[in-house]
2 protein chains.
Amino acid sequence: MTQGSSAQPGVIDLLGLLAYAELGSFFRLADDAGLAPSLRTKGQLAGLAATEQQHYQALHRRLAELGVDPEEAMAPFVRPLDGWHERTEPQSWLESLVKTYVGDGIAGDFYRRVAELADADTRALVEDVLAETERAEFVAEQVRAALVEDPRLAGRLSLWARRLVGEALSQAQAVAVDRPQLAALLARDPKVAEREERTGDSGLGDLAAVSRMFASLTEGHAARLSAMGLAE
Amino acid sequence: MTQGSSAQPGVIDLLGLLAYAELGSFFRLADDAGLAPSLRTKGQLAGLAATEQQHYQALHRRLAELGVDPEEAMAPFVRPLDGWHERTEPQSWLESLVKTYVGDGIAGDFYRRVAELADADTRALVEDVLAETERAEFVAEQVRAALVEDPRLAGRLSLWARRLVGEALSQAQAVAVDRPQLAALLARDPKVAEREERTGDSGLGDLAAVSRMFASLTEGHAARLSAMGLAE
């Protein structure tokens, strides 16, 4: 656990997770540039990536303000997030767009959870990040337009979206076993975290927290799929 | 030549070249992330890349304001700049830093040439970009610090810097043959461009312009090498 901060440890975990998620998305979006269909799209993609970088900087700064070493707070999430990116490398521009939309959606759920739990300054930061919704709309619109042009794509992209969430859940499970407090926070039940802290229980309590966290993670997924014109 | 703009065609060329150079640097810096020695450095690198992206956006906007299609203005420079990056892929973090410093230095010379030739609004944009000097200092400092720790690196990195400039000149030569006006601008002799425009001469005049452009390109190189603690 990170020392020297008065913030709830689960909140620090969440901020560290989101900071590394933004940094990872930045590099991943830049990597996907080779898939962009035109010079104009390549430029737009650079713009999206730069926004992720700004979010990363804001979270990094906030962690430092909370008395936490930002790199230390991010460290536990490097391997699971890198693992997710390695297992879900897009093979086409549309797969890259769907991944961006699904990944941002999950991150959005996590940001909202931080907003519920954290201090006023952190909440203000999170609300600023969440206000940048044009990006998600732009992405969903492009996917919908592609499906109008070629409806046969829907099946393959729906499978892809399912794989993205499946791999996210599998990485999340590994994180949850290591960090029951975080899993409990995401499961919207801080009492589980308290009890586990007290008893050192990392058995059944974990599994219950993990399953609640999974439910929470997949909650918004159906809505996001239909926003892109995809089936569950 | 791009239609519909009152700006000097050579200036549009320079802005297109710089816009694609910034976009290319953005993606190249992001690509080099794997070479970064720590999570902190990786974050700093994302910050540097995001700055390139801002410069790209500013140039893109300015080209549109000048009545030019930005993608059309960039198009002639995609192949030579991509070619330069492909032929000079850094194999270590230090090589990446030296490349950043050398590449930024050449871009800086081009920006200064734009400032001399362009309208007041474009000049203001260029001066804003050039004011961001901390970045170059941070890079040169890291190279100097590495050389203090291991002086044997100097020989290899000096060779690397020479290769970077050599490959830049070879790409520049190809561009200059296609675009004598641009070469003449960079050679600081607009009269050559006018004469070539008038006579359609693309023979000896070109070669003279190219050789003057080469002299101009390598002018600042020695100073940049010694700023990093490297020999010519």
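Chain A is annotated in an unreviewed UniProt entry as Hydroxylase from Nocardiopsis eucommiae.

Considering the relation of the copies chain B and chain A
Turning chain B through 180° and shifting it by 0.0 Å along the axis lays it on chain A, with an RMSD of 0.0 Å. Taken together, the rotation and translation describe the operation of a two-fold axis. Across chain B, the rotation axis passes nearest the C-alpha of Ala50(B), at a separation of 2.5 Å. A share of 100% of interface residues in chain B that are also interface residues in chain A marks the association as one of identical surfaces.

Let's talk about the interface of chain B and chain A
Between chain B and chain A, the residue contacts involve 24 residues of the former and 24 residues of the latter. Taken together, the two surfaces of chain B and chain A that pack against each other cover about 1900 Å², and 69% of this comes from carbon and sulfur. Across the contact surface, chain B and chain A share 2 salt bridges. At the junction of chain B and chain A, the tally comes to 2 residue pairs in polar contact (both at pLDDT 80 or more). Those elements that place two or more of their residues in the side of chain B that touches chain A are α1 (9–31), α2 (39–65) and α3 (70–87) of chain B. Ranked by residues supplied to the side of chain B that touches chain A, first place goes to α2(B) with 13 residues. For the side of chain B that touches chain A, the residue count by class is 14 nonpolar, 5 polar and 5 charged.

What about helix α1 (residues 9–31) of chain A?
Given a rise of 1.5 Å per residue, 23 residues ought to cover 33 Å, and the 33 Å separating the end C-alpha atoms of α1(A) matches this to within 8%. A large share of α1(A) lies buried, amounting to 21 of its 23 residues.

So, α2(B)
Residue and element names in this part refer to chain B. Here α2 spans 39 Å end to end across 27 residues, near enough to the 39 Å set by a 1.5 Å rise per residue. Among the 27 residues of α2, 19 are classified as buried, and the element is accordingly described as predominantly covered. Directly after α2, the chain includes Gly67, whose backbone phi takes a positive value near 85°.

Cut-offs used in this document
- Residues numbered from 1 in each chain as written.
- Chains lettered and ligands numbered in written order.
- Predicted model: local features only at pLDDT ≥ 70, side-chain atom pairs only at ≥ 80, totals over all residues.
- Heavy atoms only, no water.
- Least-squares fit on C-alpha atoms with pLDDT ≥ 70 in both.
- Contact = heavy atoms within 4.5 Å.
- Buried area = accessible area lost by both parts, 1.4 Å probe.
- Salt bridge = Lys/Arg side-chain N within 4 Å of Asp/Glu carboxyl O.
- Polar contact = N/O pair within 3.5 Å; in protein donor to acceptor, adjacent residues only side chain to side chain.
- Helix = DSSP H or I, 4+ residues; strand = E, 2+ residues; numbered from the N terminus.
- Nonpolar A, V, L, I, M, F, W, Y, C, P; charged D, E, K, R; others polar.
- Expected span 1.5 Å × (residues − 1).
- Buried < 20%, exposed > 50% of the residue type's maximum accessible area, 1.4 Å probe, protein only.

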